[in-house]
Amino acid sequence: MRLTLNVWRQKGPSDKGGFEKHSLSDVSPDSSFLEMLDVLNEQLIEQGKEPIAFDHDCREGICGTCGMVINGMAHGPQQLTTTCQLHMRKFKDGDEIWIEPWRAKAFPVLKDLVVDRGSFDRIIQAGGYISVNTGSAPDANEILVPKTEADRAMDAAACIGCGACVAACPNASAMLFTSAKIAHLGLMPQGQPERYSRARNMVAQMDAEGFGGCTNHGECEAVCPKGITLENIARMNRDFVKGMFIARQEPKAQA
Amino acid sequence: MATRTLSLADTTIGKKAVMAVSGAILLGFVLVHMAGNLLVFSGPEALNSYADGLRKLGPLLWIARAVLLGAVLAHIWAAIALVKANDAARPIKYQVVQPVATTYAARTMRYGGFILLFFILYHIAHLTFGVTVPGGHAAAPPAGMPGALAGTDVYYNVVASFQVPWIVGVYVLAQLALCLHLYHGGWSFLQTLGFNHPRYNALRKKFAAAFATVILVGNLSMPLAIMAGVIKLPS
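Residues numbered from 1 in each chain as written. Chains lettered and ligands numbered in written order. Predicted model: local features only at pLDDT ≥ 70, side-chain atom pairs only at ≥ 80, totals over all residues.

(A) Highlighting the nonpolar core. Grouped together as the largest cluster of nonpolar side chains are 92 residues, with contacts concentrated most on Ala104(A), Cys165(A), Val166(A), Ala174(A) and Leu176(A). Tallying contributions element by element places helix H7 (residues 165-192) of chain B first for this core, with 8 residues. Each residue touching Cys165(A), except ones within four places of it in the same chain, is listed here: Ala174(A), Leu176(A), Phe177(A), Cys220(A) and Cys224(A). (Core = buried A, V, L, I, M, F, W, Y, C linked by C-beta atoms within 7 Å. Buried ≥ 20, exposed ≤ 12 C-beta atoms within 10 Å, placed from the backbone. Helix = DSSP H or I, 4+ residues; strand = E, 2+ residues; numbered from the N terminus. Contact = placed C-beta atoms within 7 Å.)

(B) Structural detail: the packing of H7(B) against helix H8 (residues 201-227) of chain B. Residues and elements named next belong to chain B. Packing of H7 against H8 leaves a shortest axis separation of 8 Å and a crossing angle of 165°. One way to sum up the angle between H7 and H8 is to call them roughly antiparallel. H7 and H8 meet at a crossing whose hand is right-handed. Class assignment for the residues of the contact of H7 with H8 results in 19 nonpolar, 3 polar and 2 charged. (Axes fitted to C-alpha atoms, helices over the stretch in contact; angles between N-to-C directions. Parallel < 35°, antiparallel > 145°, perpendicular 65-115°, else oblique. Left-handed = near helix turned anticlockwise from the far one by under 90°. Nonpolar A, V, L, I, M, F, W, Y, C, P; charged D, E, K, R; others polar.)

(C) The environment of Cys179(B), seen in detail. Residues and elements named next belong to chain B. Locating cysteine 179 in the fold gives a position in helix H7. Separated by 29 residues in the primary sequence, cysteine 179 and alanine 208 place their C-alpha atoms 9.7 Å from one another. Cysteine 179 has contacts with Ala212, Ile215 and Leu216, leaving out every residue within four places of it along the chain.

(D) Summary view of the packing of helix H5 (residues 175-186) of chain A against helix H8 (residues 231-246) of chain A. Residues and elements named next belong to chain A. One way to put it is that H5 packs onto H8 with a least axis distance of 8 Å and a crossing angle of 70°. It follows from the interaxial angle that H5 and H8 lie roughly perpendicular. Between H5 and H8, the residues in contact are Met175, Leu176, Thr178, Ser179, Ala180, Ile182, Ala183 and Gly186 and Asn232, Ile233, Arg235, Met236 and Asp239, respectively.

(E) Inspection of the confidence of the model for chain B at higher detail. All names here are of chain B. Residue-level pLDDT values for chain B average 94, and 98% of them are 70 or greater. Looking at the elements of chain B, mean pLDDT is at its lowest for helix H6 (residues 154-161), recorded as 94, and at its highest for H7, recorded as 98. Scoring the predicted complex yields pTM 0.95 and, for the interface, ipTM 0.94. (pLDDT = per-residue confidence, 0-100.)

(F) A look at the domain arrangement of chain A. Residues and elements named next belong to chain A. Here chain A is described as being made up of domain 1 (3-110) and domain 2 (117-246). Once you take the C-alpha centre of each, domain 1 and domain 2 turn out to be 29 Å apart. Split by residue class, the side of domain 1 that touches domain 2 holds 10 nonpolar, 6 polar and 2 charged. (Domains from an automatic or database assignment.)

(G) Up close: the interface of chain B and chain A. Between chain B and chain A, the residue contacts involve 38 residues of the former and 43 residues of the latter. Those elements that provide at least two residues to the side of chain B that touches chain A are helix H1 (12-37), helix H3 (59-88) and H7 of chain B. Each residue belonging to the side of chain B that touches chain A can be placed in one class, and the counts come to 20 nonpolar, 14 polar and 4 charged.

(H) Quick peek at the pairing of strand E1 (residues 3-9) of chain A. All names here are of chain A. Bridge count for E1 against strand E2 (residues 18-24) is 7 bridges, and the pairing is antiparallel. By the bridge assignment, leucine 5 is partnered in E2 with histidine 22. As paired elements, E1 and strand E5 (residues 96-100) share 4 bridges and run parallel to each other. Its bridge partner being in E5, threonine 4 is matched across the sheet by glutamate 96. (Pairing = 2+ DSSP bridges.)

(I) Region of interest: H7(B). The end-to-end C-alpha separation of H7(B) is 40 Å, in line with the 40 Å expected for 28 residues at 1.5 Å each. At Gly185(B), H7(B) shows its largest kink, close to 30°. (Expected span 1.5 Å × (residues − 1). Bend = angle between axes of the 7 residues up to and from the residue.)

What follows is the structure, encoded as structure tokens:
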């Protein structure tokens, strides 16, 4: 396959950045998108040029490290797939491909296609945990969990925090991510003690990071490689509003 | 530490809740407003006695007006605050955007809102204060019209106005904007307020589509019927 790539290049966080055009021939349709970039980087290194920086780790579609906007779609044209599991057979010979980093105020670009997703970590820190006693492990099945609730919690917990929801949202909103984290703990009995303070604290942190709000476009759900649904956002809104009415403490967010 | 009573204004979800609740109130108003106005098809007596009944509600009318004005102002306030935050959340735009799931209606909510705001201002100026009514607000209805009101005559104002093509044009455009706004808002407010369940989710969008269609057809039927001469002033 022959491809023309327009890749976002940016030297550092304060650099203005811009697109760089590359032509690539002999791309195997069986290679993954990241392998295609590896080949391009080999060529750049041979030419003595700076290779393109991009995030990747497991390359098995489960770690949430990779991610780029490919032809205007987060993680590219294949649904329920991370960039590393996207294969070049999804493209046609002679295609022109635009590659951009996640774009959000809360995801500053560090270099080329690498963004800082520390804002997600701080949202987790604000309430994405449960408090348990230390000591020996509790007996298995001591706390009964209805099967349907366990399944829903598991579906929400499938979120790998890649940030595609933010990248695809017209408002750069992090509500799908935040709501998945709130739901996966809030659906379990162990998550009940902090259920409402969790929703309030994590939403307060989400707002403090500068993410936008949800306008119910559904783009996040459509690009999510793990199939996280909008149902989680509705559930977060319920928990948040109820929390707002019953709370005895202000929510906490770090600057 | 003391807590503030509610922090609707501080958070995105709080503002969205304000947006959804005020939107739901306006949804109800749009339906009732249309249902009442359809009495124009039953002739001058029916429409004018309905209008006169509303005017005679006294304090209740002012309570209803206050609720509606409050809902409109809250809706606009939340919209401005959220649009600002949403635009600020992505300072650098994408070179290529390929939407996968969103609709034209969802993408144009903010512009539709503007169109509707100007339409509402014109609509009140037009039929409450008589601006652009042919012959002026206090023009007398034809002598011998049954159910004629003293002062301003609602039936005359409506029918005489919609015999003017440009006024019909303004109303048609506004109703198309309203239909799009309701098509997204009609299910969006349910989602925002937390009504989401796999068993009923398909119903939400059907409800929104049906609601938007009923309002569009109902509201357009009146100016178009008058322009076509189906509804006439008694001669």
